[in-house]
Amino acid sequence: MSNWTLIPECEWLETEAQVIEAGAYLANCERKLVSFDTETTGLDIARDYPLMFSLSDGVRRFAGMWDPWAHHYAINDWVLRNKSLAKVLSDAKFDMHMAANRGVLLEGEIRDTVVMDWLGDENRWSHGLKDTALDHCGIKMRSFTDVFPMLKKKKGRPDDTPGDAIRRKISTPEGFAEAKEYAGLDAFATVKVHDFLVDRLSNDFIREGYSFWQYFQDWECDFTRVLWNMERRGFMICTGHLKAQIPALVNAEFKYLGDLAKMLGQPINPNSPKQLQDLFFTKLQYKPTKWTDGGKSGIKQPSTDAEVLEQFARDGCPYSRMILDCRGVVKTRSTYIETPLSLVDHEQRLHTKLLQQGTVTGRLSSREPNLQNLPRPDNDAYHIREAFVSPPGKALLVFDYEQLEMRIMAHFSQDPKMIKAITDGLDLHCYTVSLMYGVSYDEVVASVKKKKRGEELNDRDKLLIGYRQAAKATGFGLIYGIGPAKLAVNLTEELKRTVDVQEAIGMIKNYFRVFQGVKSFIEGTHARCRENEFVQTIIGRKRRLPEINAKGGRQDDDDVNASGIAAMARRQSVNSIIQGTAADIAKAAMIRCEFDEELKTLGCMMLLQIHDELIFEIEENSELIELARKRIKDIMEHPFPGYDLSVPLPTDYSVTYTWAGAK
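Keep in mind that this is a model prediction, so the values were computed, not measured.

Let's shift gears to the nonpolar core. Counting 131 residues, the largest nonpolar core has F388, M418, M590, L608, F616 and I632 as its most contacted members. Counting residues in each nonpolar core, the second largest holds 27 residues, with L55, I75, L80 and L106 among its members.

A separate point is empty space enclosed by the protein. Which parts of space are left empty comes out when a probe the size of a water molecule is rolled across the atoms. The final tally for this structure, using the stated rule, is 6 cavities of 30 Å³ or more. Approximately 60 Å³ is the volume found for the second largest cavity. Counting residues per element, the ones that place at least two in the lining of the second largest cavity are helix 10 (212–233) and strand 16 (605–610). For the lining of the second largest cavity, the per-class residue count stands at 7 nonpolar, 3 polar and 1 charged.

You can see K192 is positioned in helix 9 (residues 173–202). The exposure class assigned to K192 is partly exposed, which follows from its relative accessible area of 29%. C-alpha of K192 to C-alpha of T132: the two residues are 60 residues apart in sequence and 9.7 Å apart in space. Contact partners of K192, with chain neighbours within four places excluded, come to G58, C137 and I139.

In this section: the layout of surface pockets. Taken as a whole, the largest pocket spans an internal volume of roughly 2,200 Å³. Taken together, 44 residues form the lining of the largest pocket, with R376, K472, F476, Y480 and E494 sitting closest to its centre. Those elements that provide at least two residues to the lining of the largest pocket are strand 13 (394–401), helix 15 (404–413), helix 18 (441–452), helix 19 (459–480), helix 20 (484–495) and strand 18 (651–656). Element by element, the count of residues in the lining of the largest pocket is highest for helix 19, at 8 residues. Split into classes, the residues belonging to the lining of the largest pocket amount to 15 nonpolar, 10 polar and 19 charged.

Turning our eyes to something else, we now look at helix 25 (residues 622–637). Compared with the 22 Å implied by 1.5 Å per residue over 16 residues, the 22 Å span of helix 25 between its first and last C-alpha is a close match. Contact partners of the buried residues in helix 25: strand 13, helix 23 (565–595), helix 24 (597–602), strand 17 (613–619) and strand 18.

What follows concerns the side chain of H136. Among the structural elements, H136 can be located in helix 6 (residues 129–137). Of the polar contacts made by the side chain of H136, one reaches the side chain of D117; its length is 2.8 Å. Aside from chain neighbours lying at most four places away, what touches H136 is D117, R124, F196, L197 and R200.

Turning next to the sheet that holds strand 16. The strands that make up a sheet pair up through hydrogen bonds in the backbone, lying either parallel or antiparallel. Read across the sheet, 4 strands follow the order 16-17-13-18 without closing on themselves; strand pairing throughout is antiparallel. Strands at the two margins of the open sheet, each flanked by one partner only, are strand 16 and strand 18. Mean inter-strand twist for the sheet, computed between neighbouring axes without regard to direction, equals 20°. Bridge count for strand 16 against strand 17 is 5 bridges, and the pairing is antiparallel. Bridge pairing links M606 to F616 in strand 17. On the sheet, helix 25 packs against strand 13, strand 17 and strand 18 and is oriented at approximately 25° with respect to strand 13.

Taken together, 6 strands build an open sheet; the order of strands is 1-4-3-2-5-6 and the sheet is mixed. Since the sheet does not close on itself, it has two edges, and those belong to strand 1 (10–12) and strand 6 (110–112), each with one partner. For this sheet, the mean angle separating the axes of adjacent strands, direction not counted, is 25°. Taken together, the 3 bridges between strand 5 (residues 86–89) and strand 6 define a ladder with parallel strand orientation. Looking at strand 6, one finds that L89 is bridged to D112. The sheet contacts of helix 5 (residues 113–120) involve strand 5 and strand 6, and relative to strand 6 the element is tilted by about 55°.

Counted residue by residue, strand 4 (residues 61–65) has 4 buried out of 5 residues, so it is predominantly covered. Bridging between strand 1 and strand 4 involves 3 bridges; their strand directions are parallel. Bridging across to strand 4, E11 finds its partner in F62. Note: strand 3 (residues 50–56) against strand 4, 5 bridges, orientation antiparallel. Bridge pairing in strand 4 links M52 to M65. Taking the residues between adjacent antiparallel strands as the criterion, strand 3 and strand 4 are bridged by 4 residues, where G58 takes a positive phi near 90°.

In this section: the packing of aromatic side chains. Taken as a whole and assessed by the stated rule, the structure comprises 26 aromatic pairs. Measuring from ring centre to ring centre gives 6.3 Å for F144 and Y182, while their planes differ by 70°; the resulting arrangement is edge-to-face. In this pair, F144 is assigned in helix 7 (residues 144–147) and Y182 in helix 9, connecting sequence segments 38 residues apart. Comparing F144 with Y182, the two get one shared label, buried. An angle of 5° between the planes, with centres 3.7 Å apart, marks the rings of Y437 and Y467 as stacked. With Y437 in helix 17 (residues 428–437) and Y467 in helix 19, this pair connects stretches of sequence that are 30 residues apart. Judged by its relative accessible area of 23%, Y467 falls in the partly exposed class. Taken together through their ring pairs, the aromatic side chains of F212, Y215, W219, F640 and Y643 make up a single cluster. A cation over a ring is seen here: R385 above W659, with NZ or CZ 4.2 Å from the ring centre. If you follow K542 out to its NZ or CZ, it ends over the ring of F534, 4.3 Å from the centre.

This brings us to the environment of T474. When you line up the elements, T474 lands in helix 19. Judged by relative accessible area, T474 falls into the buried class, the value being 1%. Separated by 31 residues in sequence, T474 and I505 place their C-alpha atoms 9.8 Å apart. Ignoring sequence-local partners within four residues, the contact set of T474 consists of L487, L491, M507, I508 and Y511. Among the polar contacts made by the side chain of T474, one reaches the main-chain carbonyl oxygen of A470 at a distance of 2.8 Å.

For helix 6, the set of buried residues is L129, T132, A133 and H136. Looking straight down helix 6, one finds that the buried residues subtend no more than 100° of arc, so they occupy a single side. Elements that come into contact with the buried residues of helix 6 comprise helix 5 and helix 9. G138 lies just past helix 6 and shows a positive phi near 70°.

Right, let's get into the pairing of strand 13. In terms of burial, strand 13 is largely enclosed, as 6 of its 8 residues are buried. Pairing of strand 13 with strand 17, which is carried by 7 bridges, proceeds in the antiparallel orientation. Counted as the bridge partner of A395 is I618 from strand 17. Relative to strand 18, strand 13 is paired through 6 bridges, and the arrangement is antiparallel. By the bridge assignment, L396 is partnered in strand 18 with T656.

The rules behind each value
- Residues numbered from 1 in each chain as written.
- Predicted model: local features only at pLDDT ≥ 70, side-chain atom pairs only at ≥ 80, totals over all residues.
- Heavy atoms only, no water.
- Core = buried A, V, L, I, M, F, W, Y, C linked by side-chain atoms within 4.5 Å.
- Buried < 20%, exposed > 50% of the residue type's maximum accessible area, 1.4 Å probe, protein only.
- 1 Å grid on protein atoms, 1.4 Å probe; cavity = no way out; pocket = protein on both sides within 12 Å on 5 of 7 lines; lining within 4 Å.
- Points joined across faces, edges and corners; volume = space filled by probe spheres on them.
- Helix = DSSP H or I, 4+ residues; strand = E, 2+ residues; numbered from the N terminus.
- Nonpolar A, V, L, I, M, F, W, Y, C, P; charged D, E, K, R; others polar.
- Contact = heavy atoms within 4.5 Å.
- Expected span 1.5 Å × (residues − 1).
- Polar contact = N/O pair within 3.5 Å; in protein donor to acceptor, adjacent residues only side chain to side chain.
- Pairing = 2+ DSSP bridges.
- Axes fitted to C-alpha atoms, helices over the stretch in contact; angles between N-to-C directions.
- Phe/Tyr/Trp six-rings, centres within 6.5 Å; stacked < 30°, edge-to-face > 60°.
- Lys NZ or Arg CZ within 6 Å of the ring centre and 35° of its normal.
- Arc of directions from axis to C-beta.

Here is the structure:
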């Protein structure tokens, strides 16, 4: 367990006198901060609730049963709702939800040690309390299941919930003593991790005189509150629509399985690595292109993951395509139908978890369910987004940045041709075609418009549209940091013909010939990253890439032919700046929208952020909608007060009653 000689004894709160003394001490503690943690019935942010709580200022530590003491004025009013006390938590939004589920709100500055640790090292394998407490502070903590064993399902009895395990543990004097020490350590350890990270962030600087600790307080503390508010509101779901998709998905799965069995002469489980290895590497004699890590046995096996099967499908293997499609149907049913149906609350709202530290670039991710990969309406046979609706009497305002990444590239590269095209309102990809292939810009635009109108295309139209698809794929490929091999795959899919690596390399070089500023920016980014081993976004967040100086791989003066770990890090350096800055822009806009007094007065609530899209809920009133539209548009297009990018950041919007109705 922990070294208890260095950790103060847990003061268990059993009497009102003890609660009042603890509350008075924490409310007036010298440091003006208090850590808070809960032990709960489970992990569902909409349904579960706390059974125990713990508090600490890093000097003393307290713990108690939630009922009745968390509601006592000495804890609730003096401490948790005390705005002058900063609240320090690990995975802050979770404990805030748990407290709110019992009617207790945390007020004051919110400091999440998970986000602090991510800001200090986004590449670290885990930012959780037990790992950071051990690594940063030498505090060894026990796992929940070690202290609260959870019984497995038996006949007539379901699996234990965390709440079952806690209640059983505290039912004996010995178990209660062990539970008390476990619960009482979390808040104390959180303060110690916080103190370590404050020191680390205070000594790491974004620019002279401005540390990462100052950045954390200026940006991330508010953003935690913003995301908690959004999670708390949830998104209304039409459960009937989701349930209506299940029969079609089940039928599609059985059809794929039946067709595969007919083709192979026997049934096959698409999720069985052993059966797939036997099919592809024994019967079909494919050569392995990737190996597993060996797992517990250490024995590496030929991989049959999605990347491998996609390659087999591109090579013309009908089985791999059907297996991938079958897996896709199963994933759609599980992730986007069954999971939302299991998580929707009594008000028919879905509360996805938005991960502030979920990606190394700073882009938001989500889980339970993951809405980032929700299929777009034009590529979804099961119409999932139609289930995301506004309540009666309300409407959805959906805003989307237009070509945000390309505009960020123009800003950083200062490429005169790219900036001119954007500021003149040209279609950038059509303009790129005109420069790369020496054709008329107006002619390319005319062909694209014909396709959008559904008119018959001649060979020239098809050629120009293909050029545009190739130019677009190349530009975004450079932003996303993909190499020539991956670009060749993307171009093959876009153009519906085989594009080899050499042709992809030629596309990159041709793109660089046209946009020399982009080439200079990319090469300059590589050079600076080699020197510093990190890059920074527009507001200074770091992406650490020490691998850029790794040895090995194939080197090339212009980086196009380079390979290996260092080459991957070079490509990630550019992507990290562009994607990280897109995250900064969205974050700045979201914070301003959430705390904007005008939008509050209009009753406009932010529900969700997906990539470059923000979704709001507002009363179905044309006057209110128009006022909110203007205000949101102004904030999103000018996210940093007093500072604008070199190119405009236009947004498009829709007023709709279902997410699928957004443009």
